[in-house]
There are 2 protein chains.
Amino acid sequence: MFLGTYRHSVDTKGRVAIPARFREQLPSGTVISKGAEGCLQVYPPQEWAQEQGLRLGSTTPAEERRLARMMFGAARECEFDAQGRIVLSADQRQYAGITGVAWIVGVNNLIEIWNDEGWRRIGEATPEEYTRIQDQVAERRRAPRT
Amino acid sequence: MFLGTYRHSVDTKGRVAIPARFREQLPSGTVISKGAEGCLQVYPPQEWAQEQGLRLGSTTPAEERRLARMMFGAARECEFDAQGRIVLSADQRQYAGITGVAWIVGVNNLIEIWNDEGWRRIGEATPEEYTRIQDQVAERRRAPRT
DNA sequence: CACAAAGTGGGGAAAAGTGGGGAGAGTGAG
DNA sequence: CTCACTCTCCCCACTTTTCCCCACTTTGTG
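So, here is what we can say about the structure in this document. (Residues numbered from 1 in each chain as written. Chains lettered and ligands numbered in written order. Predicted model: local features only at pLDDT ≥ 70, side-chain atom pairs only at ≥ 80, totals over all residues. Heavy atoms only, no water.)

The sheet built from 6 strands is open, its strands ordered S1-S7-S8-S4-S3-S5 (chain B) with antiparallel pairing. A strand with exactly one partner marks an edge of an open sheet, and here the two such strands are strand S1 (2–9) and strand S5 (76–77) of chain B. Sheet topology note: the strand S7 (residues 101–108) of chain B/strand S8 (residues 110–114) of chain B ladder contains 5 bridges and is antiparallel. The residue of S8(B) that forms the bridge with B:Val107 is B:Leu110. Packed onto the sheet, helix H3 (residues 62–73) of chain A meets S1, S7 and S8 of chain B and runs at close to 95 degrees relative to S7(B). (Pairing = 2+ DSSP bridges. Helix = DSSP H or I, 4+ residues; strand = E, 2+ residues; numbered from the N terminus. Contact = heavy atoms within 4.5 Å. Axes fitted to C-alpha atoms, helices over the stretch in contact; angles between N-to-C directions.)

Next comes the structure, spelled out in structure tokens:
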């Protein structure tokens, strides 16, 4: 389970340290890919495995081909150096708008990486908004397929 | 597992370097052929073997005959030079519209090679489209044979 | 306060990618 | 048959990127 928010720096080589608390839960086979709202997402192997049912072959339908290309094309296996850092590719940094600092956030089953601006927007929700959003989600759960 | 997108140049001899990460997963017997949407596809031996289910015989439907001819007729075994490059034949380059640069994309079980324009079109999906496609595929999986 | 663990920064060797020369086989024209 | 030409490999040289290693700073803990 990944919890908490960490502010780490990204150096000129694109390296960013993954918090030790997270790292010790990430075996090899961990994958980083693009996520919704312009963040990057880190999938532990057991989470990523669910995405892998998607395979290409001569009989794969067009929609699945498209999705597979986007998903896997944007992903990379995480490789930690001796200091516990991973390298964000130029493409990933550009997608997430990350330059000097990154916010690394544990979101239960996976980890997200945000730029300053993006994470600020998430965090600036007032208690009232928070309550409203919580209610919305509760509502949808009661009546799915809306 | 093949992941990530790489932009490599294709020289005047039609040579293109396969990313080292991919190359080390490609034993001899790897095959390159034409793929859907105008890309080229690189099949590791075990993936290619699955395509061999497609055979010609007196009862093969016309569509399958056509597909088989295209796939196998266009295929070639990959041969790497000392620098880790393969040569794309003039025919393959023309089919894929590849001139100066090529995008080499890992798509889980196989590798695709795209021209600038083609790959840009795949990647330019908005987050909303991405979500929609993801939902469609999930839907189809839940209720196969539609 | 001292020690250990975590995070940050940079130099340099090694690996990956790029471009081109040239030998040898195959092809076609004179 | 010979010559010129093309195409395919194989080899070498250069540039760029990656990654491995070391050192320092900061944070946390007993």
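This brings us to the protein's contact with DNA strand C. Around DNA strand C, a shell composed of 22 residues is seen, among which A:Lys13, A:Arg15, B:Lys13, B:Arg15 and B:Arg23 lie nearest. Sugar and phosphate atoms represent 43% of those atoms of DNA strand C found within 4 Å of the protein. A:His8 has a polar side-chain atom sitting 3.5 Å from a phosphate oxygen of DNA strand C. A:Ser9 is positioned such that a nitrogen or oxygen atom in its backbone is 3.2 Å from a phosphate oxygen of DNA strand C. Listing elements by their share of the surface near DNA strand C, those giving two or more residues are strand S1 (2–9), strand S2 (15–17) and helix H1 (20–23) of chain A together with S1, strand S2 (15–17) and helix H1 (20–23) of chain B. When the residues that make up the surface near DNA strand C are grouped by side-chain class, the tally is 8 nonpolar, 6 polar and 8 charged. (Near = heavy atom within 4 Å. Polar contact = N/O pair within 3.5 Å; in protein donor to acceptor, adjacent residues only side chain to side chain. Nonpolar A, V, L, I, M, F, W, Y, C, P; charged D, E, K, R; others polar.)

Here we come to the packing of aromatic side chains. Under the criterion given, the structure shown has 10 aromatic pairs over all chains. Ring geometry for A:Trp114 and A:Trp119: centres 6.2 Å apart, planes at 50 degrees, overall tilted. Assigned by exposure class, A:Trp114 and A:Trp119 land together as buried. Centre to centre, the rings of B:Phe2 and B:Phe22 are 5.6 Å apart; their planes meet at 90 degrees, and the pair counts as edge-to-face. Here B:Phe2, found in strand S1, pairs with B:Phe22, found in helix H1; they are 20 residues apart in sequence, far enough to count as distant. This pair shows no difference in class: B:Phe2 is buried, exactly as B:Phe22 is. The rings of A:Phe2, A:Tyr6 and A:Phe22 are connected pair by pair, giving a single aromatic cluster. (Phe/Tyr/Trp six-rings, centres within 6.5 Å; stacked < 30°, edge-to-face > 60°. Buried < 20%, exposed > 50% of the residue type's maximum accessible area, 1.4 Å probe, protein only.)

Time to look at the protein's contact with DNA strand D. Around DNA strand D, the neighbouring residues are A:Lys13, A:Arg15, A:Glu79, A:Gln83, A:Arg85, B:Lys13, B:Arg15, B:Arg21, B:Gln83 and B:Arg85. For DNA strand D, the backbone portion of the atoms within 4 Å of the protein, that is sugar and phosphate, comes to 21%. Contact between DNA strand D and B:Arg21: a phosphate oxygen at 2.8 Å from a side-chain N or O atom of the residue. Between DNA strand D and the protein, one listed contact pairs a base nitrogen with a side-chain N or O atom of B:Gln83 at 3.0 Å. Within the surface near DNA strand D, the residues separate by chemical class into no nonpolar, 2 polar and 8 charged.

Here the focus is the sheet that holds strand S5 (residues 76–77) of chain A. Residues and elements named next belong to chain A. With antiparallel pairing, 6 strands are arranged side by side in an open sheet as S1-S7-S8-S4-S3-S5. Each having just a single partner strand, S1 and S5 make up the two edges of the open sheet. The sheet contact formed by strand S4 (residues 40–43) and strand S8 (residues 110–114) spans 3 bridges and is antiparallel. Within S8, the position partnered with Leu40 by the bridge is Ile113.

Functional significance is not addressed by these values, which are geometric in nature.
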